[in-house]
Every structure is written in structure tokens, then in C-alpha cells.
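Take a look at the letters that make up each chain.
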Amino acid sequence: MRAARVRPLTVKAVGDGTLQEPSDESLMARVAQRDEDAYRCIVDRYLTQIVAFAARTSLDRGEAEDVAQETFLRVWKHGPRWCQTDARFRTWLYTVAYNLCVDRLRRRREIPHNTVPDGADPNQDQFAVLHAKDTAKLVGAAIGKLPERQRAALALTYYQGLGNREAAEVMQISVEAIESLLSRARRSLRKSLQGHAGDIEP
Amino acid sequence: MSDDKGGKMTPNDDPISETRLREIIAAYGADPVRWPGIAADHADDLLRQYPRLRATLSEAQDLDAALDQLPAPEPSRALPARIRNLPRAMDKRRSPGLMGSLMSVVWPAVPLRVPVSVFGIAAALGLMVGVLTSNPSSDLSEGPVLLGDNLVSLVLMIGDM
């Protein structure tokens, strides 16, 4: 099946002269018409976020990338179907990714260990880099010990910046339940990290 | 960023109690950007109103600082290109190839398996007829036993193929 070429993607100028990116929803309308350029825009916009979310839900990097690939495959395959719903695109995307993460974690049924990516600033001195890595390892390990739903709630709200209502929608629970998961997660993290207070860089 | 209980606080709104603000800090951390709507909008006022929460806020700030040390996992270099090209890869996997294209010209509007099956059955029948007629001893008058032998040898032949 050849992708139909729709109108080229343009960045609109709004009233004050600033440029406005096309919305997710308008891009998805084009994806539904098999527009590969629109699909690629969606990938560029969300790939890093989805990989980060999957990795922070404590999948290793390889699995996080598999989840991302499967998520975007569904964007392409189910684009036309998504366009018939009222769901906000970002919420739907995270829901797909979350469900894939949960499936994998349930299949694995073991305590995951967070892999800490090498994201150190090259300008930091050697000692600072080691220190930051140690801290990241401690934090990663503490997050890895959290129950699956607490990790997901923390990843969605703290790291991915979703609102509590949107995060609740992604996890298909109430806002109160999200808040409770977050409180418990932060309490556990504080307890886990308390023993290493001297090792954590302020 | 949090959007529950959003909107502006008006004189008619229920004020946020100290207990509620403590819960909000416990769940969302020290940065008001992450607090739900009304609390985020009035963070400074609320913190001024409840000075006893300074210690709670300070604890939350320490935890936020630790959480911020965890770097964002980046996708590997090959991943973006692989995912960007998924539609093409899917199209390629679905494309019928040379044989499939030829078959669709010869026998359009039916799935490929139909002409393939018909061709297979025709070949098997042709083979059977060929074997039966090329054997000089395959005289039907020799009776059902010989015919049966021929069929068995045919089945064995097909099995060997």
C-alpha cells in the first residue's frame, strides 16, 4: 500500500507572528490518510518521551525501545481508528505504551533493575561525573524497587510532566488513586535514599 | 501541569487546608509547577499561610533534587530511523512480490492461495494420470488389485516429492 501524499506539513504563523507547530490531532488526521510525513512528525515529537517513559517504568533499554517501536507501529496501524474517538492523542499514546510496559513486566515477573544511561555532562570534572553517576545509580535502584504502578505514576507525572487527571486516564484509575500511588512512591524513595543521604549530591 | 481541581480560586472556593497542602506536597513534590491547579496558582500565598509546612517542603525539595539526578534515558542511534521507516517496512512486507503480482494479473480478485491450490491439485491429478497411463501393466482389466498397487506407488511417489 503506497502512502497517499496529502498537503505538505507546514508550520503556521499565528497572530503575533510566532510559528505554530501542527497539533497532534491534525497530524493524526493526516496519519489516518496514510501520510508518512505526518507520522514522522509524530515520531520526532514523542519518541524520546516514550522511550524515557518505558525505561523509567523499569524496562531495560532494549525492551523500552521495543515498547516504543510497538507503540508507534500502532500509531500507524490504528491511526484511522483513533481518529474516530474523542481521546486526546498524547493520553492515548501513553496508554498504549503503558499497557505494553505492563504486559512485559508481568511476563517477566522479576524485580527489574534500572539501567542508568550515560548522560553525564562532558564539562563536569571526573569526580563530579563519578558522583553524579553514583547518585543516579542510587536513585535508579530505589525507583527500581518500587511496585510497578508506583513507578509508572511517578514516571508519568514527575518525569513526563503529565497532569494528574491525564496520568489517571493513562493508568485507568482515579485521580485519588494516582495521588495515593505518588505519596507512597515518594515515601518509599525517601526511606530508601535516607541511608545514602551523604552520598547524594545536593 | 497537574490539571485536577483546576481553575482560579475565588472568594467562594473552599480554601486549601494545611492538611490538604501537606498531601499535595507529599504526592507531587516541592515544585508548585507539578501541583494541581488551584494549589499551583496560589502556591506562594499558601506557603505563607502555613509556615509549619516549610520543613515538609524542604524534605520534598531534597527528594526532588535526588530524582532530578536520574538522567533521561535516550533512544539508541538506530532507533529513530527504524521507527520512522516502519510504514515503508510494513508496505514492503505486505507487497506480493513478482510471483504474487503475476498471479494477480492472471487470476485477479481472489487470494493467492486459491490459484496456488488449484494449480497443486491439477498437478497432482496430472501426475496420477501420467503414472497410470505410462505403466504398460496398468491395464484396468487386470483388476482392482493392480490398480490399488499403482495407487499405493503413486502415493509413495508423492510422499517422496
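Residues numbered from 1 in each chain as written. Chains lettered and ligands numbered in written order. Predicted model: local features only at pLDDT ≥ 70, side-chain atom pairs only at ≥ 80, totals over all residues. Heavy atoms only, no water.

Participant: Lay out the overall build of chain B in plain terms, naming residues and giving numbers.
Facilitator: Counting secondary structure elements, chain B contains nine helices and zero strands. Counting from the amino terminus, helix and strand elements in chain B follow one another as α-α-α-α-α-α-α-α-α. For chain B, with 161 residues in total, the buried portion stands at 32%. Sequence-distant contacts in chain B: of pairs separated by 6 or more residues, those separated by 24 or more amount to 56%. Surface summary for chain B: the accessible area is close to 10400 Å², and the carbon and sulfur share equals 63%. (Helix = DSSP H or I, 4+ residues; strand = E, 2+ residues; numbered from the N terminus. Buried < 20%, exposed > 50% of the residue type's maximum accessible area, 1.4 Å probe, protein only. Contact = heavy atoms within 4.5 Å. Areas by Shrake-Rupley, 256 points an atom, 1.4 Å probe, with all protein chains shown as cover.)

Participant: Provide a residue-level description of the interface of chain A and chain B, including the pertinent values.
Facilitator: Each partner contributes to the interface: chain A provides 53 residues, whereas chain B provides 42 residues. For the chain A and chain B pair, buried surface summed over both sides reaches about 4400 Å², with 57% attributable to carbon and sulfur atoms. At the junction of chain A and chain B, the tally comes to five salt bridges. The shortest N-O distance in the salt bridge between Arg20 of chain B and Glu179 of chain A comes to 2.6 Å. The interface formed by chain A and chain B contains 15 residue pairs in polar contact (both at pLDDT 80 or more). (Buried area = accessible area lost by both parts, 1.4 Å probe. Salt bridge = Lys/Arg side-chain N within 4 Å of Asp/Glu carboxyl O. Polar contact = N/O pair within 3.5 Å; in protein donor to acceptor, adjacent residues only side chain to side chain.)

Participant: Give me helix 3 (residues 61-82) of chain A: which residues, what numbers.
Facilitator: Residues and elements named next belong to chain A. At Trp76, helix 3 shows its largest bend, some 45°, and a proline, Pro80, comes one to four positions later. Among the residues making up helix 3, those that are buried are Glu63, Ala64, Glu65, Val67, Ala68, Thr71, Phe72, Leu73, Val75, Trp76, Gly79 and Trp82. The residue sitting at the N-terminus of helix 3 and contributing the capping side-chain oxygen is Asp60; that oxygen lies 3.2 Å from the backbone nitrogen of Gly62. (Bend = angle between axes of the 7 residues up to and from the residue.)

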